[in-house]
Amino acid sequence: MSDHNPGLRPWRDIARRQCRQIMVGHVPVGGDAPVSVQTMTNTPTHDVRATIDQIRRCEEVGVDIIRVSCPDEASTAALKQIVRAARVPIVADIHFHYKRALEAADAGAACLRINPGNIGSEARVKEVVDAAKANGCSIRIGVNAGSLEKDLLEKYGEPCPEALVESALDHIKLLQDQDFHEYKVAVKASDVFLAVAAYMQLAEAVDCPLHLGITEAGGLIGGTVKSAIGIGNLLWAGIGDTIRVSLSAEPEEEVRVGYEILKSLGIRTRGVKVISCPSCARQGFDVIRTVQALEERLQHIHTPLSLSVLGCVVNGPGEARETDIGLTGGGAGKHMVYLSGVTDHVIQDADMVDHIVRLVEAKAAEIEAAKLEAESIDAGKVAAAE
């Protein structure tokens, strides 16, 4: 559900699909757990230092789960150190070589990304499942339109929603035959229509958590747009328990875009939500440069709060009334600052960005202090009741 009160604004309500919950390390996926944000490292996994550095950057922007490719023995050997250094659960990405899955499970991976049908005999599937059970690993089945099984391509003639779903159900059966149920499933495609249709069908057919993604979506701008349309469409329909935005960009950018998709739907909030205008000749200050500077300077804020930055008084005061902090452009280099929707003081051009950063930091500290106080009061009530 969204953060808004159900029924208060019914046009904002999202009825989330009901499904089982599994654990990826300490992160719950599915059920009533928050929709988690994932990314994947792109460093050579055997380069432990580079991989951990990249994981750290992703952790700083709020990633919940990180996937690491394990194509060879050197990678799974490095995985033990990587898992130990990471603060978030690590998913081992395995293709074809079942022994890599066994090694990754022993190395401490929280989840194995594997397609059971691609790793050979039933005996090998059993070995992987036994290793997962012994090490407390979950499994992510990852069906992809670009690597569908040959028999399904012959049956359907091309990748289509029905082919993706049938592939997913075939892989699920192999796990269920081994009495393994700690799995989530993805049916990704680079075609938005195909991916969305496949996820819609799969959501009806299974009760497990779903991992959403538009695969090979493209670069930062094109891939963001495609992912927002595809993933956003599904989340709006209540489908999806964890997401990965696939971009030809640094992993931390994938995390930022993932959070922006969730924030735009009110599903999860993290950090500063900036409401800003595209600017025009009416602007009282350089809106575009100001917003760029503020977004850069406010990345360290994790507390959810809203900031409006509008160039003039046409929509500025109205937007400011709805945000925690508002800035509206005025004449002669004097701009109005709003706090909690109320006009508060005027600011000059020169000190504007530094001033707004200080206000946001102070507001975030105030929100966090109030939260701690509320938690302490609740804890006191529980202790008194006992």
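Residues numbered from 1 in each chain as written. Predicted model: local features only at pLDDT ≥ 70, side-chain atom pairs only at ≥ 80, totals over all residues. Heavy atoms only, no water.

## A closer look at the overall build of the chain
Put simply, the test is: Here a helix means four or more residues in a row that DSSP labels H or I, a strand means two or more in a row labelled E, and each is numbered from the N terminus. Relative accessibility under 20% of the residue-type maximum defines a buried residue, over 50% an exposed one, and the middle range a partly exposed one, all with a 1.4 Å probe and only protein chains included. The charged-residue count follows a simple rule in which Lys and Arg add positive charge and Asp and Glu add negative charge, with His and chain termini not counted at all. Where a charge lies is defined by one atom per residue type: Lys uses NZ, Arg uses CZ, Asp uses CG and Glu uses CD.
Of regular secondary structure, the chain possesses twelve helices and 15 strands. Structurally, the chain occupies a C-alpha span of about 75 × 55 × 45 Å along its principal axes. Burial statistics for the chain: of 386 residues in total, 49% are counted as buried. Within the chain, one finds 40 positive and 53 negative side-chain charges whose respective centroids are separated by 1 Å.

## Focus on the nonpolar core
What counts is decided by this rule: Nonpolar core, defined: a set of buried Ala, Val, Leu, Ile, Met, Phe, Trp, Tyr and Cys residues in which side-chain atoms within 4.5 Å join the residues together. Whether two residues are in contact is decided by their heavy atoms, any of which lying within 4.5 Å being enough.
Membership of the largest hydrophobic core comes to 83 residues, with the highest contact counts inside it found for L79, L112, V185, L210 and L235. The element best represented in this core is helix α7 (residues 192–205), accounting for eight residues. Beyond its immediate chain neighbours, meaning those up to four positions away, L112 contacts V91, A92, A101, A104, A105, V128, A132, S138, I139 and R140. Counting residues in each nonpolar core, the second largest holds 21 residues, with V272, V337, L359 and A364 among its members.

## Thoughts on the UniProt feature "binding site: [4Fe-4S] cluster" (unreviewed entry) in the chain
Counted only if it meets this: UniProt positions are given in the numbering used here, feature names are shortened, and annotations may be inferred rather than shown by experiment.
Within this numbering scheme, the UniProt entry marks C277, C280, C312 and E319 as carrying the feature "binding site: [4Fe-4S] cluster" (unreviewed entry). Along the chain, the position of C277 falls in the loop between β11 (272–276) and α10 (287–297). Leaving out residues up to four positions away in the same chain, C277 has contacts with V287, V309, L310 and G311. Considering the arrangement of structural elements, one finds C280 in the loop between β11 and α10.

## With respect to the packing of helix α6 (residues 161–176) against α7
The line we're drawing: Lines fitted to C-alpha atoms define the axes, with helix axes restricted to the stretch in contact, and inter-axis angles between N-to-C directions lie between 0 and 180 degrees. Oblique is the label for every angle not falling under 35 degrees (roughly parallel), over 145 degrees (roughly antiparallel), or within 65 to 115 degrees (roughly perpendicular). Crossings are classed by handedness, with left-handed meaning an anticlockwise turn of the near helix from the far one by less than a right angle and right-handed meaning a clockwise turn.
At a minimum axis distance of 8 Å, the contact between α6 and α7 shows a crossing angle of 50 degrees. Compared by their axis directions, α6 and α7 come out oblique. Seen from above, α6 lies across α7 with right-handed handedness. In this structure, α6 uses P161, E162, L164, V165 and A168 to contact α7, whose residues at the interface are L194, A197, A198, Q201 and L202.

## Regarding the packing of aromatic side chains
Applicable threshold: Stacked, tilted and edge-to-face are the three classes applied to pairs of Phe, Tyr and Trp rings, where Trp contributes its six-membered ring and a pair requires centres within 6.5 Å; stacked means planes under 30 degrees apart, edge-to-face means over 60, and tilted covers the rest. Criterion for a charge above a ring: Lys NZ or Arg CZ within 6 Å of the ring centre, and within 35 degrees of the ring normal.
Going through the model one piece at a time under the given rule, you end up with zero aromatic pairs. Between R20 and the ring centre of Y183, over which it is positioned, the NZ or CZ distance is 5.1 Å. The side chain of R270 reaches across the aromatic face of Y259, ending 5.8 Å from its centre.

## Comments concerning unusual backbone geometry
For F96, which is not glycine, the phi torsion reads 75 degrees and is therefore positive. Following the sequence through the fold, F96 ends up in the loop between β5 (90–93) and α3 (98–107). Notably, S340 is not glycine yet its phi reads approximately 50 degrees, a positive angle. Note on placement: S340 falls in the loop between β14 (334–339) and β15 (342–348).

## Things to note about the packing of helix α8 (residues 220–236) against helix α9 (residues 251–264)
So the rule is basically this: Under the grouping applied here, Gly and all other residues not named as nonpolar or charged are polar, the nonpolar ones being Ala, Val, Leu, Ile, Met, Phe, Trp, Tyr, Cys and Pro and the charged ones Asp, Glu, Lys and Arg.
With their axes 10 Å apart at the nearest point, α8 and α9 run at an angle of 40 degrees to one another. By the angle between their axes, α8 is oblique relative to α9. Relative to α9, the crossing made by α8 is right-handed. Residues L220, T224, S227, A228, I231, G232 and L235 of α8 lie in contact with α9, whose contacting residues are E253, V257, I261 and L262. Its residues assigned to classes, the contact of α8 with α9 comprises seven nonpolar, three polar and one charged.

## Here's the deal with the pattern of salt bridges
How we decide: In the sections that follow, a salt bridge refers to a side-chain nitrogen of Lys or Arg positioned within 4 Å of a carboxyl oxygen of Asp or Glu.
Applying the stated criterion across every chain, the model contains 21 salt bridges. A salt bridge links K155 to E166; the shortest N-O distance between them is 2.9 Å. Of this pair, K155 sits in helix α5 (residues 150–156) while E166 is found in helix α6, placing the two residues eleven residues apart along the sequence. E166 gets classed as partly exposed once you look at its relative accessible area, which sits at 22%. The partner of D177 in a salt bridge is K173, and the shortest N-O contact between them spans 3.0 Å.

## Side note on the UniProt feature "domain: IspG C-terminal" (unreviewed entry) in the chain
When the UniProt feature table is mapped onto this chain numbering, "domain: IspG C-terminal" (unreviewed entry) sits at residues 273–361. Along residues 273–361 one finds 29% helix and 30% strand; the C-alpha atoms at either end are 14 Å apart.

## Focus: the sheet that holds β11
Inclusion rule: Two strands qualify as a pair provided that DSSP identifies no fewer than 2 bridges between them.
Taken in spatial order, the five strands line up as β11-β12-β13-β14-β15 in an open sheet, and their pairing is mixed. At either margin of the open sheet sits one strand with a lone partner, and together these are β11 and β15. On average, each strand axis in the sheet is inclined to that of its neighbour by 20 degrees, with strand direction left out of account. As defined by bridge partners, β14 adjoins β15 across six bridges and the pair is classed as antiparallel.

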